[in-house]
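# Structural features, examined
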Amino acid sequence: MEAACEGAGRGDAPEEKEKQHRRRRPEEPSGGMGERGAAGRRAAAGAPPGGGDSRRGAGDAAHPPEGGDFRCHRLQDSLLSSASGYSNYRGILNWCVVMLVLSNARLFLENLIKYGILVDPIQVISLFLKDPYSWPALCLIIVANVFALAALHIEKRLAVGSMSEHLGAVLHTVNLLTILCFPALVTLAVTSITPVGAVFALGVHTILFLKLFSFKDVNKWCREKRQAKAARTRSAAGSQKANGNVASGAVAYPANLTYRDLYYFLFAPTLCYELNFPRSPRVRKRFLLRRLAEMLFFLQLMVGLIQQWMVPTIQNSMKPFRDMDYSRIIERLLKLAVPNHLIWLIFFYWFFHSSLNVIAEIMQFGDREFYRDWWNSETVTYFWQNWNIPVHKWCLRHFYKPMMKKGAGKWVAQTGVFFASAFFHEYLVSVPLKMFRPWAFIGMMAQIPLAWFVGRFLQGNYGNAAVWISLIIGQPIAVLMYVHDYYVLNYEGSQ
Ligand SMILES: CC(C)(COP(=O)(O)OP(=O)(O)OC[C@H]1O[C@@H](n2cnc3c(N)ncnc32)[C@H](O)[C@@H]1OP(=O)(O)O)[C@@H](O)C(=O)NCCC(=O)NCCS
């Protein structure tokens, strides 16, 4: 009795405090450690198993009401104080979701009452086609095959030694530059191409550029390895044949230089070339159908949200911009931030989870790591390492590490990668809009000082909040800038 009183009264004993937290922690599942601990203690005190409150602490069990001092209090912190060690906020998360749905339902109704139904699937077609007899974006995508085949033929010549490495490098460089310049020039010259059609065509060419860059690098590494191996084993002629990987079913250089191999890579959901991609054993039909259904549903949802929610908000933002009414501009910006962010999140799921998995499943492409847990980012660096894994892998393998190997410092290499990324972001926005403004470029380059600031001054939840804020606010700023400039350039001048 005395010992128990002492134990309960010693507020500064950390073990006792910890025991009490564990006893009172409500998230412990029944039958878990807490229950077992209580049962054990009851058994030690001679109490019948299963009887009474399972959460009753050791003190209570040791002091039954009949013979004790009727205590019902113990030294403990309130759940919401950080010292309590309590961390199960699942209910609060559910509350947030309910509040989000309710407040957006109100917004949704308000939007419907104000504008009526603006969703128009037929209008989507006009975003791709200005003139039904002219399909410049599709023609550009078909022409892209020429560049892929050119890269394959250069590699074939290099593999058999009928072309020098230097000439090969020059031809690859010309081919790669043409991949970027040709569609840009066509987009700027042809009037029948729409901005959306141009984004698609330039997007395909950008992906092709990154893939063929990787294709050229990997084949070069294979040749270097082959030469090094040949130098080592020159005395033992013929051993190459016996050592071939072909016996194990794997493709060895230069047997990879086929149309089939190249086109598998071009359609595979990766930007990094490999001679032997990991393959999944079979196509899972139910998985494929689920992802396909998601893909179609989320695509419709995004188009609907853009037409119904984003377009009117953007249109209403033009007047405050014209009048340079700063408080109204900020109000419009915050209003646009909600649908913009929601659409971006849907886009993330639609593209990185549904669409890339559909392609991977059909092609039995085994590596499905298209994204990692970027939503937990506490630093901007972590976000860029985890949100778009195909691009991040390409940047590391073909840009960042080669630069570091050549002696560049970490900061120089990182700035180089972000500079290249900023260029491609700008390329994909400015060229289709036929309007050269640096907003996307600045947005991407701003990631470097932002990464430094967040890493230096903010940690944990504050860092995570800073990453979210930069995503929620940063994008609509760029969207509004481009839309405003596009509007001024194309509509105000003609009025
Ligand atoms: C710039 C970027 C590549 C830096 O990546 P990071 O992971 O922060 O870079 P780190 O310094 O941590 O190093 C990464 C790798 O390089 C390796 N490395 C570091 N120094 C090296 C050196 N001197 N030589 C060779 N390798 C080196 C590390 O070992 C590490 O290897 P691992 O991945 O196998 O573990 C990344 O931030 C990025 O991808 N940014 C751009 C993303 C982007 O634009 N995305 C567009 C999406 S729309």
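The rules behind the values
Starting afresh in each chain, residues are numbered from 1 along the sequence in its written order. Since the coordinates come from a predicted model, pLDDT governs what is reported: local features require at least 70, and pairs of side-chain atoms require 80 or more to be given and counted, while whole-chain, interface and lining totals use all residues. Side-chain numbers here rest on the full set of heavy atoms in the structure, without hydrogens or water. The way it works is that DSSP assigns letters per residue, a run of H or I at least four long becomes a helix, a run of E at least two long becomes a strand, and they are numbered from the N terminus. Burial here depends on accessible area, computed with a 1.4 Å probe over protein chains only, as a share of the maximum for the residue type. Under 20% is buried, over 50% is exposed, and the range in between is partly exposed. UniProt positions are given in the numbering used here, feature names are shortened, and annotations may be inferred rather than shown by experiment. Take the residue count of a helix, subtract one, and multiply by 1.5 Å to get its expected span. For each residue, the test is whether any non-hydrogen atom lies within 4 Å of the molecule or strand; if one does, the residue is near. Within 3.5 Å is the distance limit for a polar contact, defined as a pair of N or O atoms, with the added protein rule that one can donate a hydrogen and the other accept it, and that residues adjacent in sequence qualify only through two side-chain atoms. Shrake-Rupley sampling with a 1.4 Å probe provides the accessible areas, and residues are treated as covered by the protein chains on show and by no other component. Only residues above 30% relative accessible area that lack a salt bridge enter a patch, with like-charged residues linked at up to 9 Å and the nonpolar side chains Val, Leu, Ile, Met, Phe, Trp and Tyr linked at up to 5 Å. The term salt bridge refers to a pairing of a side-chain nitrogen on Lys or Arg with a carboxyl oxygen on Asp or Glu at a separation within 4 Å. Grouping buried Ala, Val, Leu, Ile, Met, Phe, Trp, Tyr and Cys residues that are joined through side-chain atoms within 4.5 Å yields what is termed a nonpolar core. The start and end points of each domain follow an automatic or database-based domain assignment. What counts as an axis is a line fitted to C-alpha atoms, over the stretch in contact for a helix, and the angles between N-to-C directions run from 0 to 180 degrees. Between 65 and 115 degrees an angle is taken as roughly perpendicular, under 35 as roughly parallel, over 145 as roughly antiparallel, and anywhere else as oblique. By convention the crossing between two helices is left-handed if the near helix lies anticlockwise of the far one by an angle smaller than a right angle, and right-handed if it lies clockwise. Residues were grouped as follows: Ala, Val, Leu, Ile, Met, Phe, Trp, Tyr, Cys and Pro as nonpolar; Asp, Glu, Lys and Arg as charged; and all remaining residues, including Gly, as polar.

Looking along the chain, the bond that leaves Tyr 253 and enters Pro 254 is cis, with omega of 5 degrees. Residue position: Pro 254 is located in the loop between α10 (239–243) and α11 (259–267). Residue Gln 364 is not a glycine yet carries a positive backbone phi of 50 degrees. With respect to the helices, strands and loops of the structure, Gln 364 is situated in the loop between α13 (326–363) and α14 (380–386). Using a relative accessible area of 23% as the deciding quantity, one classes Gln 364 as partly exposed. A positive phi is found at Lys 434, a non-glycine position, where the angle reads about 50 degrees.

According to UniProt, the positions carrying the feature "transmembrane region" (unreviewed entry) are residues 133–154, 166–186, 192–213, 292–311, 342–362, 411–433, 439–458 and 465–483. Helix makes up 86% of residues 133–154 and strand 0%, whereas the separation of the span's terminal C-alpha atoms amounts to 36 Å. Helix and strand shares over residues 342–362 are 100% and 0% respectively, and the end C-alpha atoms of the span are 29 Å apart.

Spanning 26 residues, helix α5 (residues 90–115) covers 37 Å between terminal C-alpha atoms, matching the ideal 38 Å at 1.5 Å per step. In the stretch just after α5, Gly 116 is the one whose phi turns positive, near 70 degrees.

Among the 19 residues in the neighbourhood of the ligand, the closest are listed as Gln 385, His 392, Tyr 400, Lys 410 and Ser 421. Gln 385 is positioned such that a nitrogen or oxygen atom in its side chain is 2.7 Å from an oxygen atom of the ligand. One nitrogen or oxygen atom from the side chain of Lys 401 is found 3.2 Å from an oxygen atom belonging to the ligand. Starting from 990 Å² of accessible surface for the ligand in isolation, the protein chains cover 68%. Residue assignment for the shell around the ligand shows that the elements contributing at least two residues are α14, α15 (389–405) and α16 (410–433). For the shell around the ligand, the element with the highest residue contribution is α15, accounting for seven residues.

Below, the discussion takes up a nonpolar patch on the surface. On the surface, Leu 79, Leu 80, Tyr 89, Ile 92, Trp 95 and Met 99 cluster together into a nonpolar patch covering about 650 Å² of accessible area. Here Tyr 89 shows up in the loop between α4 (58–62) and α5.

So, on to the nonpolar core. Core analysis: the largest hydrophobic core is formed by 55 residues, its most contacted members being Leu 208, Leu 212 and Phe 215. Ranked by the residues each element gives to this core, the list is headed by helix α9 (residues 195–232), at eight residues. Looking at which domains feed residues into this core, each of domain 1 (136–267) and domain 2 (284–492) gives three or more. Leu 305, Met 318, Phe 321 and Trp 350 belong to the second-largest nonpolar core, a separate cluster that totals 15 residues.

Let us now look at the packing of helix α12 (residues 285–323) against α13. Helix packing geometry: the angle between the two helix axes and the distance between the axes. One way to put it is that α12 packs onto α13 with a least axis distance of 9 Å and a crossing angle of 160 degrees. Classified by the angle their axes make, α12 and α13 are roughly antiparallel. Handedness of the crossing formed by α12 with α13: left-handed. Residue composition of the contact of α12 with α13, grouped by class: 27 nonpolar, eight polar and six charged.

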